[in-house]
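Per-entry structural report
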Amino acid sequence: NGSVHNILAMGLPPALINDIFITHLHVDHYSDISYMLPFTASSGRYKPLRVTGPTGRIPELGTQAMIDNMSKMLRWHFEEFDTLPIGDGFEVDVTEFDFREENGICYEKNGVTVRHWPRSHGKDGASAYRLDWNGLSFVWTGDGRPDKLTVKYSEGVDVFVTEVQNDIANLMSMKTGYPPIIYNYIIDTHHTPHFAAGYLFKEINPRVGMVTHLEHEPELSGEIIAGIRTHWDGLFIIGAPDVRVINVTKDAIWARDAVLPELGSISQLSPDLMLKAFGLEELPDVLEFPPVKIPREEQQIPYLREIEIDSQTYNPKDVDRELVTELPPIRIDLKAMMAAKQQQE
């Protein structure tokens, strides 16, 4: 949770995010989808969002069921936003793999291969992912206890990212008042303590090891580092606070904090990015937006319009204009936009 904030702060057009991989269904690992789904659809993602994640022991506990129920939750929002050009943006194509499967392929496209395997993390566990592309590789473990499969399938990886919890219950209890026995129970049944993270690094021997999903207590970070250094003396990064940038080539890896603006803003789709959003290869003379499915005038209760204050009451006469209350078909001359942009640059 909080990923939408980071996406906006980094200046990435959210409408161009097409694939989301979910490790498990604790709500802090998928809650931002309910925000991203309708708003990216209304800002240029006119095709289905692709979500990949594990099944559950029964269908009702799987990724598909979560998405189906999320869509039901969003019905009011979906119908209201159908007054805008949406296309197929409210649809979600779910790839659901067996949570028990080891090293199965869940994505293979454009030279990218993503594999998955189960981890011990309560109930049906969580799924780790490994991405291989162009001779480089990346592992994201998701949450879970240190396990043998992660060691096996992360062999030879460039960047290995695991969750970590600071195994210092007594210190945390002094800071927060949280009973040590509950703190330890959560770690010992669900998470990777800092000593275990260092052990995983040693066994896997990545080019760089990285930890995330931790309480960011700067004065206690030394405890995490000491625990990891018990086993691992290689390159290692704490991935908190957000957002860290990891640059990876075949010759070097380096990390830095992202340079973010004080205020994030929605990145607008320029004409060249619109081509990607519409799935086009070449720039057409005219780009037609998807038609509105449920016009506002058919959907909104008339009474609500009747109780509005007349715009002439608050608009100065020299700027008052006729309100746009019906959305006509929208067509944009992209080539003209591109030419205007080049002149500005």
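Residues numbered from 1 in each chain as written. Predicted model: local features only at pLDDT ≥ 70, side-chain atom pairs only at ≥ 80, totals over all residues. Heavy atoms only, no water.

Here H191 shows up in the loop between α7 (180–190) and α8 (194–204). Residues H191 and I86 lie 105 residues apart in sequence; the distance between their C-alpha atoms is 40 Å. Apart from the residues lying within four places of it in its own chain, the contact partners of H191 are H121, D143, G144, R145, P146, E163, Q165, I186 and H213. (Helix = DSSP H or I, 4+ residues; strand = E, 2+ residues; numbered from the N terminus. Contact = heavy atoms within 4.5 Å.)

Turning to helix α9 (residues 221–229), its buried residues are S221, I224, G227 and I228. Along α9, the residues classed as buried sweep out an arc of 125 degrees about the axis, all on the same side. Here the buried face of α9 lies against α8, β9 (208–212) and β10 (236–238). (Buried < 20%, exposed > 50% of the residue type's maximum accessible area, 1.4 Å probe, protein only. Arc of directions from axis to C-beta.)

This next bit is on a nonpolar patch on the surface. Taken together, Y178, I181, I182, Y185 and I186 make up a surface patch of nonpolar side chains, about 500 Å² in accessible area. As for its placement among the helices and strands, I181 is situated in helix α7. On the basis of relative accessibility, which here comes to 67%, the residue I181 falls in the exposed class. (Patch = residues over 30% accessible without salt bridge, like charges linked within 9 Å, V, L, I, M, F, W, Y side chains within 5 Å. Areas by Shrake-Rupley, 256 points an atom, 1.4 Å probe, with all protein chains shown as cover. Salt bridge = Lys/Arg side-chain N within 4 Å of Asp/Glu carboxyl O.)

This part takes up the pattern of salt bridges. Inspection of the entire model under this criterion finds eleven salt bridges. Among the ionic pairs, D132 bridges to R130, the shortest N-O distance being 2.9 Å. The exposure class of D132 is partly exposed, given its relative accessible area of 26%. The partner of R244 in a salt bridge is D257, with the nearest N and O atoms 2.7 Å apart.

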